[in-house]
Amino acid sequence: MRTRLSLRQARRAALSAQGLARERPAGLVNARQAGRIFERLALLQIDSVNVLARSHYLPLFSRLGPYDRAIVDRMATRRPRRMVEYWAHEASFVRPDLFADLRAVQRRTWMTAGSLPPDVAEDLRERVLELLATSLQPLTARQTAEALGHRQVRDAGHWGWNWNAVKRVLEDLFASGRVSSAGRTVQFERLYALTADVHPAGAAALEPSDPEQAVLRLTEAAARAHGIATARGLADYFRLPQRAAAGAAEELVRKGLLEKVSVADWRQPAYLHVEAAIPKTAGGRALLSPFDSLIFERRRLQELFGFHYRIGIYTPPAARQHGYYVLPFLLGEELVARVDLKADRAAGMLLVQGAFAEPGAPSATARQLAAELVLMAQWLGLDGIAVRPVGDLAPALKLEVCRE
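Residues numbered from 1 in each chain as written. Predicted model: local features only at pLDDT ≥ 70, side-chain atom pairs only at ≥ 80, totals over all residues. Heavy atoms only, no water.

With that settled, the discussion passes to the overall build of the protein chain. In terms of helices and strands, the protein chain carries 15 helices and 14 strands. Classification of the 404 residues of the protein chain by burial places 56% in the buried group. Here the analysis covers contacts within the protein chain between residues at least 6 apart in sequence; of these, 66% occur between residues at least 24 apart. About 18,400 Å² of surface is accessible on the protein chain, with carbon and sulfur atoms providing 49% of the total. Placing the 55 positive and 43 negative side-chain charges of the protein chain at their respective mean positions leaves the two points 3 Å apart. (Helix = DSSP H or I, 4+ residues; strand = E, 2+ residues; numbered from the N terminus. Buried < 20%, exposed > 50% of the residue type's maximum accessible area, 1.4 Å probe, protein only. Contact = heavy atoms within 4.5 Å. Areas by Shrake-Rupley, 256 points an atom, 1.4 Å probe, with all protein chains shown as cover. Lys, Arg positive; Asp, Glu negative; His and termini not counted. Charge placed at Lys NZ, Arg CZ, Asp CG, Glu CD.)

If you want it as structure tokens, here you go:
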């Protein structure tokens, strides 16, 4: 190991790589700026929870401030698409150039047709592919089942020709890459279509990728997006096998694309991308989605920022410490607070259901957080902010919100 970095240097490298080290650009955000951020991150994780906003919209707000969410929709649905949906960290919008490599390494085993009788699954698979090839528009799972004349059978012990079987076959085809999502409905249902009709490369997107080279390219993309990470962090970005990612990282060191370094207080060696910048200071400010790529890997988050985080939506209510949909608050190069947020669209209010300061949070935390919440409420089209008296930061935050 040739280089030793301080923890703060590692932090700034990570924030810079993720587009969070600087103040946001002034003025109207355009599609080019959004596209550059997406290219840098390589993916936006998708989640069905809409208590605040769909998760894939939030990372661009964190990095660019208020922007037109239709920009993301156009990138994902209009030709030539700049993002396509596939399995990555989890269900994600990914750069189209990564699709073939992800297809070569992803192994999803749940919600598949494996539990269907083989002859039923194969027959249904052929019918679904034929339907999508001849359909004039993409179809949801329910529309696909209806078009094939299948009825949902409530008897779980009898497969028959039911909606659940269609959904499982569609998910199998999606996981294999033969079928893609052409978009989402208002209810956030996938609109299925043949990959050749969705991917900007057309049928060429289905050409096989060598798994070993795929891991190498994906590890390099993860390193570029992270700036600095251990082998575990690099593997987690695209859910690669850790041993394979570690081997790829060493190969990338030999190729001169990564540098193996040590970071103060880290037990494991880290890999620094050769193009990673380490700014002298970090001056960003952002609320981070629970599915933001900066906080994907919880051990890395703890090592970088001393910030222990657990997603409340996957935690039993009695075990939640800070709430249901909790966003860490980044100020400079520290995670200084966390807030449980909800968009009450009927009332036109952004609800702060809990606000908690981290140990050692600066005195300006409440003021800076209030300004960020005002910005978010405006972006979401909400008229005001209501702060509930939950958490040690709530009283000061409420006063600052009133001043805004």
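We now examine the packing of aromatic side chains. As enumerated under the stated definition, the model contains 8 aromatic pairs in all. Between Y86 and F99 the ring centres are 5.1 Å apart and the planes differ by 65 degrees, which places this aromatic pair in the edge-to-face class. Taken as a pair, Y86 in strand β3 (residues 84-87) and F99 in helix α5 (residues 99-105) lie far apart in primary sequence, 13 residues in all. Each member of the pair Y86 and F99 is classed as buried. Taking 5.9 Å as the distance between ring centres and 45 degrees as the angle between the ring planes, the aromatic pair formed by Y86 and F174 counts as tilted. Placement of Y86 in strand β3 and of F174 in helix α8 (residues 163-176) is noted, with a sequence separation of 88 residues between them. Of the residues examined, Y86 reaches a relative accessible area of 1% and is grouped as buried. The class of F174 is buried, set by a relative accessible area of 1%. Connected via pairs of aromatic rings, a cluster forms that spans F61, Y67 and W379. Lying across the ring of F61, R24 places its NZ or CZ 5.4 Å from the centre. (Phe/Tyr/Trp six-rings, centres within 6.5 Å; stacked < 30°, edge-to-face > 60°. Lys NZ or Arg CZ within 6 Å of the ring centre and 35° of its normal.)

Time to look at the pattern of salt bridges. Throughout the structure, instances matching the rule amount to 27 salt bridges. The residue E333 makes a salt bridge to R12 at a minimum N-O spacing of 3.4 Å. Note that E333 is positioned in the loop between β11 (326-331) and β12 (334-344) and R12 in helix α1 (residues 7-17), a separation of 321 residues in sequence. The pair formed by E333 and R12 is uniform in burial state, with each residue classed as buried. E275 is paired through a salt bridge with R224; the nearest N and O atoms lie 2.6 Å apart. Linking E275 in the loop between β9 (270-273) and β10 (285-287) with R224 in helix α10 (residues 211-226), this pair joins segments that are 51 residues apart in sequence. Looking at E275, the relative accessible area reads 58%, which means it is exposed. The partly exposed category is assigned to R224, whose relative accessible area is 35%. (Salt bridge = Lys/Arg side-chain N within 4 Å of Asp/Glu carboxyl O.)

For strand β6 (residues 190-194), a buried count of 4 out of 5 residues is recorded, marking the element as mostly surrounded by other parts of the structure. Two strands pair when backbone bridges link them, and strand β5 (residues 179-184) and β6 are joined in this way by 5 bridges, in the antiparallel orientation. Bridge pairing in β6 links S180 to A193. Here β5 folds back onto β6 in antiparallel fashion, the turn holding 5 residues, of which F188 has a positive phi close to 70 degrees. (Pairing = 2+ DSSP bridges.)

Among the secondary structure elements, R103 is positioned in helix α5. On the basis of relative accessible area, R103 is assigned to the partly exposed category, the value being 23%. For the pair formed by R103 and S176, sequence separation is 73 residues and the distance between their alpha carbons is 6.8 Å. Aside from chain neighbours lying at most four places away, what touches R103 is Y86, S176, G177, R178 and L206. Of note is the side chain of R103, whose polar atom sits 3.0 Å from the backbone oxygen of L206. (Polar contact = N/O pair within 3.5 Å; in protein donor to acceptor, adjacent residues only side chain to side chain.)

Time to look at helix α13 (residues 298-305). An α-helical turn contains 3.6 residues, so any two residues separated by three or four positions project in the same direction. Listing the buried residues of α13 in full gives R300, L301, L304 and F305. Along α13, the residues classed as buried sweep out an arc of 100 degrees about the axis, all on the same side. Considering only its buried residues, α13 is in contact with α1, α10, β7 (228-229) and β12. Between a side-chain oxygen at the N-terminus of α13 and the backbone nitrogen of R299 the separation is 3.2 Å; the capping residue is E297. Just beyond α13, the residue with positive phi is G306, at close to 65 degrees. (Arc of directions from axis to C-beta.)

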